[in-house]
Amino acid sequence: MTLIGWAALAASPLLSSCLKLLKPPHDFSHYTPSPAPSYADSSNWAALPTRPDAADEVPRKTALRDQQATAAADVFFVHPTTYYWRKAWNASLSNRRVNRFTDRSTIRKQASVFNAAARIYAPRYRQATLYSFFDSTANTSGTQALNLAYTDVRAAFQYYLAHHNQGRPIIIAGHSQGTDHATRLLHEFFDNDPKLRRQLVAAYLIGFKVRPREYQTIRVCQDSLETGCFVTYNSVATGNEFPLFQSYAVTNPLTWTTDTRLAPARLNRGGVSQRFKRIDPHVTDAQIHDGLLWVTPPKPGGYPRFLLPGEFILRHSFHIADYGLFYMNLRENAQARVRAWQRTRR
């Protein structure tokens, strides 16, 4: 279940009172955002293929290797929310504590999925604080905070295109808030630009709501080798319903199709827990159900649910583990789609 979906639950009195602990004390207009980053400065990137960083890592005690040095494609990865404070609506890029947490969590455990298929470019950006997703209707402070965050992501992508891409195939990827921004990038840069769209290997729009007909020209991937398409899902424990998601797109990351058949756990090439120590084969199954991806709760530890006090339904969401539950399937699929893209360009 995405953060936007959870926002619909905020009407419950208990949850609302808990959320107030996360809300900045003043409206967006009362804050002066930190200066916009220059993406010519490498310190404003969480990951670059030209230097050692957290995106180069692979789970310990495995045979996986970082292959960015020889990768044929690039990935532009937009990290999810790692700023939960109420000090301001948007994080400052000079906040070392947030930067360390971003690198050790999402860059290491999500962006690294792609280091066998592509060179990884992951910008730091003035991300909106978590509460923004519970205050995201038109013209609210939350919306303004998210819009500010997107201006940085957009600027980083423009810098990447101008200085790094050199016509190489591109994967767009994100999670949660990062997927919200990545979805906007596809609208602005790819949907109506045939030249750039030909460079698109695929977009992994995970952990956020995306409509089946989100774009005029970019469709949901229908198999494991289709290119120029997008993948999307939100992981929830099997048996749970959430009507607000019924109209949204879902891809099964075990079959890479959009049908509703159960994909058994034997198709799961391996999950990687938050401990980042091992590969857990067959960690869960997957089935599309009414806009959600149903998963059987894994037996190994380290695949947490996203919990907010005061709302029982959140116990069913595996939002934090969206990448981890299907780490090896995502990793191998990115490589396969890059090879498929190369074949079509010969």
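Every value quoted in this text rests on a predicted model; they were computed, and no experiment measured them. Within each chain, residue numbers correspond to sequence positions counted from 1 in written order. Residues qualify for local features only when their pLDDT is at least 70, as the model is predicted, and side-chain atom pairs are given and counted only at 80 or more; totals for whole chains, interfaces and linings, by contrast, use all residues. Values reported for side chains reflect all heavy atoms of the structure, with hydrogen atoms and water molecules removed beforehand.

**Quick word on helix 7 (residues 327-344)**
Link 1 in the chain: If you check helix 7, its first and last C-alpha atoms are 26 Å apart, about what 18 residues at 1.5 Å a residue would give, namely 26 Å.
Link 2 in the chain: Accessible area is worked out with a 1.4 Å probe on protein chains only. A residue is then buried under 20% of its type maximum, exposed over 50%, and partly exposed in between. Labels follow the DSSP assignment, with helices taken as runs of H or I lasting at least four residues and strands as runs of E lasting at least two, numbered in each case from the N terminus. Within the sequence span of helix 7, burial applies to Tyr327, Met328, Asn329, Leu330, Arg331, Asn333, Ala334, Ala336, Arg337, Val338, Ala340 and Trp341.
Link 3 in the chain: The contact criterion used is simple: two residues touch if any of their non-hydrogen atoms lie within 4.5 Å. Tucked into the core, helix 7 has its buried residues touching strand 2 (73-78), helix 3 (96-109), strand 4 (170-175), strand 5 (200-206) and strand 6 (229-231). The span expected for a helix works out to 1.5 Å for each residue beyond the first.

**Structural notes on the pairing of strand 2**
Link 1 in the chain: In terms of residue burial, strand 2 counts as a mostly covered element, since six of its six residues are buried.
Link 2 in the chain: Side chains Ala73, Val75 and Phe77 of strand 2 all project onto a buried face; the interleaved residues Asp74, Phe76 and Val78 project onto the opposite face, where all are buried too.
Link 3 in the chain: Criterion used throughout: strands pair if DSSP finds at least two bridges between them. Pairing between strand 2 and strand 3 (residues 118-123): four bridges, direction parallel. Looking at strand 3, one finds that Ala73 is bridged to Ala118.
Link 4 in the chain: The sheet contact formed by strand 2 and strand 4 spans five bridges and is parallel. Paired with Phe76 across the strands is Ile172, a residue of strand 4.

**Points about the environment of Thr32**
Link 1 in the chain: If you trace the backbone, Thr32 turns up in the loop between helix 2 (13-19) and strand 1 (45-47).
Link 2 in the chain: In this structure Thr32 comes out as exposed when scored by relative accessible area, which is 76%.
Link 3 in the chain: Separated by 57 residues in sequence, Thr32 and Trp89 have C-alpha atoms that sit 9.8 Å apart.

**Description of the layout of surface pockets**
Unfilled space is identified by rolling a water-sized probe across the atoms.
Link 1 in the chain: Empty space within the largest pocket amounts to approximately 410 Å³.
Link 2 in the chain: Of the grid points, spaced at 1 Å and generated over the protein atoms alone, those admitting a 1.4 Å probe that cannot get out make up cavities, while open sets with protein on both sides within 12 Å along at least five of seven lines make up pockets; any residue with an atom within 4 Å of a point is treated as lining. As for the largest pocket, its lining consists of 23 residues, of which Thr81, Tyr84, Phe101, Thr106 and Ile320 are closest to the centre.
Link 3 in the chain: It is helix 3 that contributes the most residues to the lining of the largest pocket, four residues altogether.
Link 4 in the chain: Class assignment for the residues of the lining of the largest pocket results in 11 nonpolar, 11 polar and one charged. Grid points are joined across faces, edges and corners, and a volume is the space filled by probe spheres set on the points. Just so you know the grouping, Ala, Val, Leu, Ile, Met, Phe, Trp, Tyr, Cys and Pro go in nonpolar, Asp, Glu, Lys and Arg go in charged, and all remaining residues, Gly too, go in polar.

**Structural notes on the state of the cysteines**
Link 1 in the chain: In this description, the term disulfide denotes a pair of cysteine sulfurs within 2.5 Å. Applying the stated criterion across every chain, the model contains one disulfide.
Link 2 in the chain: The partner cysteine of Cys221 in its disulfide is Cys229, sulfur to sulfur 2.1 Å. Judged by the sign of its S-S torsion, about 90°, the cystine formed by Cys221 and Cys229 is right-handed.
Link 3 in the chain: What makes Cys229 buried here is its relative accessible area of 1%.

**Some thoughts on empty space enclosed by the protein**
Link 1 in the chain: According to the stated counting rule, one finds one cavity of 30 Å³ or more in the structure shown.
Link 2 in the chain: Of the volumes computed, that of the largest cavity is approximately 70 Å³.
Link 3 in the chain: With three residues, the top contributor of residues to the lining of the largest cavity is helix 3.
Link 4 in the chain: Split into classes, the residues belonging to the lining of the largest cavity amount to five nonpolar, five polar and one charged.

**A word on unusual backbone geometry**
In terms of backbone geometry, most residues other than glycine have negative phi values and most peptide bonds are trans.
Link 1 in the chain: In this structure, Phe276 is a non-glycine residue whose phi angle is positive, near 60°.
Link 2 in the chain: In this structure, Phe276 sits in the loop between strand 7 (235-237) and strand 8 (287-289).

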